[in-house]
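Given next are the chains, with one letter for each unit.
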Amino acid sequence: MSPSPPPTVRLLRGDARDVAALAAGSVHLVVTSPPYPMIPQWDGLFAALGATEYAQMHSVLGEAWRECHRTLVAGGILAVNVGDALRSDAGGFRLWPNHAAVLESAARAGFTPLPYVLWKKPTNRPNAFLGSGFLPPNAYVTLDCEFLLLFRKGGLRRFAPHDPRRLASRLARAERDAWFSQVWSDVRGAPQGPRERRTGAFPSAIAERLVRMFSVVGDTVLDPFAGTGTTLWAAVASGRNAVGVEWDPVVYDELTRRARARGLWPPAPSAPGSGAGSPGG
Ligand SMILES: C[S@@+](CC[C@H](N)C(=O)[O-])C[C@H]1O[C@@H](n2cnc3c(N)ncnc32)[C@H](O)[C@@H]1O
């Protein structure tokens, strides 16, 4: 087998809802974590995109899932990390089930929903209950799980028998056993940076597992909500090419700085599948 070319990273400053620079069927896997609707951190961003209500926020995300569907190959997987939210509205305190809304909007975008992973975050704040819980019935269950929702575009991805890239991507038995179980309780949340500029980053272990479970060496992995680039670095570390789209200019600048620090930016001019294509950046 000839050695695979070194993986490349491509960064695009733009909108996940319209990534015209990416050709249809040019991506094998999407691993992403969008801004979560009904979380204060993302209210301003959704408002700037014209969405102030729950349904509007999910309609913004729905447009991004449609674009993921366009850019994925047949059989490609979409993996979405999302958490539910708690907020009061006119009817009082309630749950906003973002995971259910994403399941529905991604299905509307054409994806087939698959069994998902519950990421139960180990907490060192065991007393962080919403209400004391000692006197029934008015306390609330703590939201300490996030969802890793999984979808496929169409039927199974097909490979030739003994495809060398697929064989080179084989998981160890312990990885297979742990990663394909429905609850992941051994992955801590990522550091979030200063309060005034939280990143919403997810831990690299989440990205690495999803990349290795649902793509093969030499594939291209897209994160349309790239943030600090966790998915991109995990993809490259596992021998996959990566494409990141980021809308916020400040976050995009930081993303390019991080790629440069890793020697991944600017891309080598001759590297196939790389380039600084950018609608606005
Ligand atoms: C939850 S964060 C992603 C964090 C990322 N997984 C990481 O580990 O750093 C969501 C990111 O999506 C970006 N974003 C929000 N709306 C966007 C859009 N329409 N197109 C592209 N990026 C967007 C935000 O600026 C933010 O950086």
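Above this note sits the structure.
If you're wondering where the values come from, they're calculated on a predicted model, not measured in any experiment. (Residues numbered from 1 in each chain as written. Predicted model: local features only at pLDDT ≥ 70, side-chain atom pairs only at ≥ 80, totals over all residues. Heavy atoms only, no water.)

Asks: Help me understand the site of the ligand in this model?
Replies: What surrounds the ligand is a group of 24 residues, the closest being Asp15, Ala16, Thr228, Thr230 and Glu246. One of the backbone nitrogen or oxygen atoms of Phe202 is found 3.1 Å away from an oxygen atom of the ligand. (Near = heavy atom within 4 Å. Polar contact = N/O pair within 3.5 Å; in protein donor to acceptor, adjacent residues only side chain to side chain.)

Asks: Would you mind showing me how to read unusual backbone geometry here?
Replies: Working note: non-glycine residues mostly have negative phi, and peptide bonds are mostly trans. Of note, the bond from Pro136 into Pro137 is cis; its omega dihedral lies within 30 degrees of zero at 5°. Looking at the secondary structure, you find Pro137 in the loop between strand E6 (112–120) and strand E7 (145–152). A cis amide bond links Trp265 to the next residue, Pro266, at an omega of 0°. Looking at where Pro266 falls in the secondary structure, it is placed in the segment after helix H8 (249–261). One non-glycine residue with positive phi stands out, namely Met38, at about 70°. By the secondary structure assignment, Met38 is in the loop between strand E2 (27–32) and helix H1 (40–48). (Helix = DSSP H or I, 4+ residues; strand = E, 2+ residues; numbered from the N terminus.)

Asks: What should I look at first to understand the pattern of salt bridges in this one?
Replies: Opposite charge on two side chains permits pairing when their charged atoms draw close. Evaluated as defined, the whole model comprises 12 salt bridges. Note that Glu175 is salt-bridged to Arg212, the shortest N-O span being 3.0 Å. Highlighted residues: Glu175 in helix H5 (residues 173–179) and Arg212 in helix H6 (residues 204–214), separated in sequence by 37 residues. When its relative accessible area of 24% is taken as the criterion, Arg212 is described as partly exposed. Across the pair Arg176 and Asp177 runs a salt bridge, and its minimum N-O distance is 2.8 Å. (Salt bridge = Lys/Arg side-chain N within 4 Å of Asp/Glu carboxyl O. Buried < 20%, exposed > 50% of the residue type's maximum accessible area, 1.4 Å probe, protein only.)

Asks: Mind showing me how you'd approach the side chain of Thr228 here?
Replies: With respect to the helices, strands and loops of the structure, Thr228 is situated in the loop between strand E9 (220–223) and helix H7 (230–237). Thr228 sits in the buried class, given a relative accessible area of 12%. If we ignore the near neighbours within four places in the chain, the residues touching Thr228 are Thr199, Ala201, Trp233, Leu255 and Arg258. (Contact = heavy atoms within 4.5 Å.)

Asks: Where do I start with the nonpolar core in this structure?
Replies: Taken as a class, soluble globular proteins show a tendency for nonpolar side chains to be buried jointly. Counting 36 residues, the largest nonpolar core has Trp65, Leu78, Val80, Phe111 and Phe151 as its most contacted members. Elements with a contribution of two residues or more to this core: E2, H1, helix H2 (54–71), strand E3 (72–82), helix H3 (98–108), E7 and strand E10 (241–246). The element best represented in this core is H2, accounting for seven residues. Residues in contact with Val80, not counting those within four places in the same chain, are Thr32, Pro34, Trp65, Val102, Phe147, Leu148, Leu149 and Phe151. Of all hydrophobic cores here, the second largest spans 34 residues; its members include Val9, Val117, Met213 and Ala235. (Core = buried A, V, L, I, M, F, W, Y, C linked by side-chain atoms within 4.5 Å.)

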